[in-house]
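Chains, contacts and geometry: an overview
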Amino acid sequence: MAIALGLLMIGVMLWAPGAVTAAARDALRVWGLDVAPSLFPYMVFCRLIASRLRQSGMPAMPAAALLGMLGGSPSGAAVVSVYGRAGNLSRRQTLMLAAFTGTISPMFLLSTTQTWLGNAQICRLLMAAHGVGALFAWAVAAVLIRESPGARTQAAHPLQDSASGDPIAESVQSILGVGGCIVFFSVLAACVRVLLPGLPAASGALIHAVLEIAGGMHALCTAPLPPTLRAVIMAAASGFSGLSILMQNRLFLRPLGVSLRHLIGFGLVRAAGAGAAMWAMLAIFP
C-alpha cells in the first residue's frame with residue numbers, strides 16, 4: 001500500500017512539476033518566514049527549563065504535562081520520552097501525557113496565526129479552545145485506560161536523552177524536522193489537489209490542515225469560509241495537529257509503546273473538544 005501510494009505521488013510530481021514545486025516553495029516560505037522565527041527560540045527555552053526541572057527531581061507528571069503543553073510538538077513528546085525512558089511513568093501516565101501534549105506551540109497560535117489571520121481575539125480564543133481540547137483528551141484517556149498498579153513504561157531501545165543535551169542544538173534539529181515535514185505534507189496536499197482538480201478551495205485547505213497544520217492553517221486563513229465556521233474548523237484542525245506533527249511525536253513515543261493509532265485517536269478527541277469549545281465561546285463572545 002505504501003509503495004503504491006509513493007509511486008502514485010511520484011507520478012503526480014512528474015505530471016505536474018510546476019504545482020508541486022510551487023507548493024514546496026510556499027511551504028519553505030511559511031516555515032522560514034513565519035514558523036521558524038517564532039517557534040525556534042520558544043523551543044530552546046522550553047527544552048532548557050525541562051532539563052533543569054528533571055535534574056532538580058521534579059515529579060514526572062506535572063513537569064512533563066506543563067512543559068509538554070507549553071512546548072508544543074514535538075517538544076512535548078520529547079519531554080515525555082525522557083521521563084518514560086527513565087522509568088518514571090506508568091503506561092497509563094504515558095498514554096495520558098501523549099493525549100495531553102500532542103498539541104502545537106502556543107507561539108504558533110498567538111504569533112504566527114495572528115499574523116496570517118489579523119485577528120488577535122480569535123487567536124486568543126483558538127489558544128483557549130486548544131487547551132480545552134487537550135484537557136478533554138487527557139480526561140478521556142484517564143477514564144478509558146486502565147493498567148496494573150506499579151507498571152512502568154521504559155523504552156526497549158533507548159534514544160539519545162534529548163532533554164539533557166544542548167537545548168540550542170536539539171532545537172535546531174527539531175525545527176529542521178518541522179520544516180521537512182511542512183514541505184513533505186504540503187507537497188502531498190498539492191498532489192491531492194492535482195488528482196482532484198474540482199476540489200473546492202475550502203475543502204483543499206481542510207485536507208492540507210489534516211496533513212500538515214502550519215501550511216493548512218495558512219490556507220484556512222485565506223479560504224472562502226464564513227468567519228464563525230472558519231474559526232471552529234481552525235480550532236478543530238489545530239486540536240488534531242495534523243499527520244505531520246503526529247508522525248514527529250511518534251518518533252519519540254513509539255519506543256514507549258505509543259502507536260500512531262493511539263496518536264491519531266487522541267488527535268481526533270482533541271479536535272472534537274477544541275471545535276466544540278470554540279463554537280461555545282463564539283456563542284458567548286460573538
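Just so it is clear, the structure is predicted and the values come from calculations on it, not from any experiment. (Residues numbered from 1 in each chain as written. Predicted model: local features only at pLDDT ≥ 70, side-chain atom pairs only at ≥ 80, totals over all residues. Heavy atoms only, no water.)

With that settled, the discussion passes to the overall build of the protein. Each helix and strand in the protein was counted, giving 13 helices and 0 strands. Going residue by residue from the N terminus, the α and β elements of the protein occur as α-α-α-α-α-α-α-α-α-α-α-α-α. Here the C-alpha atoms of the protein give a radius of gyration of 19 Å, agreeing with the 19 Å that 2.2 N^0.38 yields for 286 residues. When its C-alpha atoms are laid out on the principal axes, the protein stretches across 55 × 45 × 35 Å. When burial is assessed residue by residue, the protein has 51% of its 286 residues classed as buried. In the protein, the proportion of contacts linking residues at least 24 apart, taken out of those at least 6 apart, comes to 80%. Counting 17 positive and 7 negative side-chain charges, the protein places the centres of these two groups 8 Å from one another. (Helix = DSSP H or I, 4+ residues; strand = E, 2+ residues; numbered from the N terminus. Rg over C-alpha atoms; globule rule 2.2 N^0.38 Å. Buried < 20%, exposed > 50% of the residue type's maximum accessible area, 1.4 Å probe, protein only. Contact = heavy atoms within 4.5 Å. Lys, Arg positive; Asp, Glu negative; His and termini not counted. Charge placed at Lys NZ, Arg CZ, Asp CG, Glu CD.)

The next point concerns the packing of helix α8 (residues 167-195) against helix α9 (residues 201-211). The N-to-C vectors of α8 and α9 enclose an angle of 145°; their axes lie 9 Å apart at closest approach. In the crossing of α8 with α9, the sense of the turn from one axis to the other is right-handed. Two secondary-structure elements touch here, α8 through F185, S186, L188, A189, V192 and R193 and α9 through G204, I207, H208 and L211. (Axes fitted to C-alpha atoms, helices over the stretch in contact; angles between N-to-C directions. Left-handed = near helix turned anticlockwise from the far one by under 90°.)

The relation between two aromatic rings is expressed through the spacing of the ring centres and the mutual angle of the planes. A complete count under the given rule lists 3 aromatic pairs for this structure. Arranged with centres 5.3 Å apart and planes meeting at 75°, the rings of F100 and W138 form a pair that is edge-to-face. Of the two residues, F100 sits in helix α5 (residues 91-101) while W138 sits in helix α7 (residues 120-144), which places them 38 residues apart along the sequence. With relative accessibility at 10%, the residue F100 sits in the buried group. Owing to a relative accessible area of 22%, W138 belongs among the partly exposed residues under this scheme. Geometrically, the ring pair formed by F184 and F185 is edge-to-face, given 5.0 Å between the ring centres and 90° between the ring planes. Taking relative accessible area as the criterion, F185 reaches 10% and is therefore assigned buried. (Phe/Tyr/Trp six-rings, centres within 6.5 Å; stacked < 30°, edge-to-face > 60°.)

Scanning the model with the defined rule gives 1 salt bridge in all. Taking the shortest distance from any N to any O, the salt bridge between D26 and R29 comes out at 2.7 Å. Taken together, the positions of D26 and R29, both in helix α2 (residues 17-55) and 3 residues apart, correspond to about one turn of that helix. Since its relative accessible area comes to 41%, R29 is described here as partly exposed. (Salt bridge = Lys/Arg side-chain N within 4 Å of Asp/Glu carboxyl O.)

Taken together, I3, L7, I10 and L14 make up a surface patch of nonpolar side chains, about 480 Å² in accessible area. Along the chain, the position of I10 falls in helix α1 (residues 2-15). (Patch = residues over 30% accessible without salt bridge, like charges linked within 9 Å, V, L, I, M, F, W, Y side chains within 5 Å. Areas by Shrake-Rupley, 256 points an atom, 1.4 Å probe, with all protein chains shown as cover.)

Here we take up α9. A202, G204, A205, H208, A209 and L211 are the residues of α9 that are buried. Each element contacted by the buried residues of α9 is listed here: α8, α10 (213-222), α11 (227-240) and α12 (242-253).

Take the environment of L253 next. Within the secondary structure, L253 is located in helix α12. The class for L253 is buried, based on a relative accessible area of 2%. Separated by 159 residues in sequence, L253 and T94 have C-alpha atoms that sit 8.7 Å apart. If sequence neighbours within four positions are ignored, L253 has contacts with A77, V80, S81, A98, V258 and L263.

So, on to unusual backbone geometry. Although it is not a glycine, S241 sits at a positive phi angle of roughly 85°. Looking at the secondary structure, you find S241 in the loop between α11 and α12. We classify S241 as buried; its relative accessible area is 0%.

This part takes up the environment of W279. By the secondary structure assignment, W279 is in helix α13 (residues 260-284). For W279, a relative accessible area of 58% gives the class exposed. Sequence separation between W279 and A231 is 48 residues, and the spatial gap between their C-alpha atoms is 8.2 Å.

Residue position: Q248 is located in helix α12. Its relative accessible area of 8% is what places Q248 among the buried residues. Discounting chain neighbours no more than four positions away, the residues touching Q248 are P74, V178 and C181.

Core analysis: the largest hydrophobic core is formed by 52 residues, its most contacted members being V35, F108, M217, L220 and M278. Broken down by element, this core gets its largest block of residues, 10 residues, from α8. For M278, the residues in contact, after removing those within four places along its chain, are I122, L125, L126, A129, A231, V232 and A235. One finds L97, A137, L256 and F266 within the second-largest nonpolar core, a separate group that totals 32 residues. (Core = buried A, V, L, I, M, F, W, Y, C linked by side-chain atoms within 4.5 Å.)

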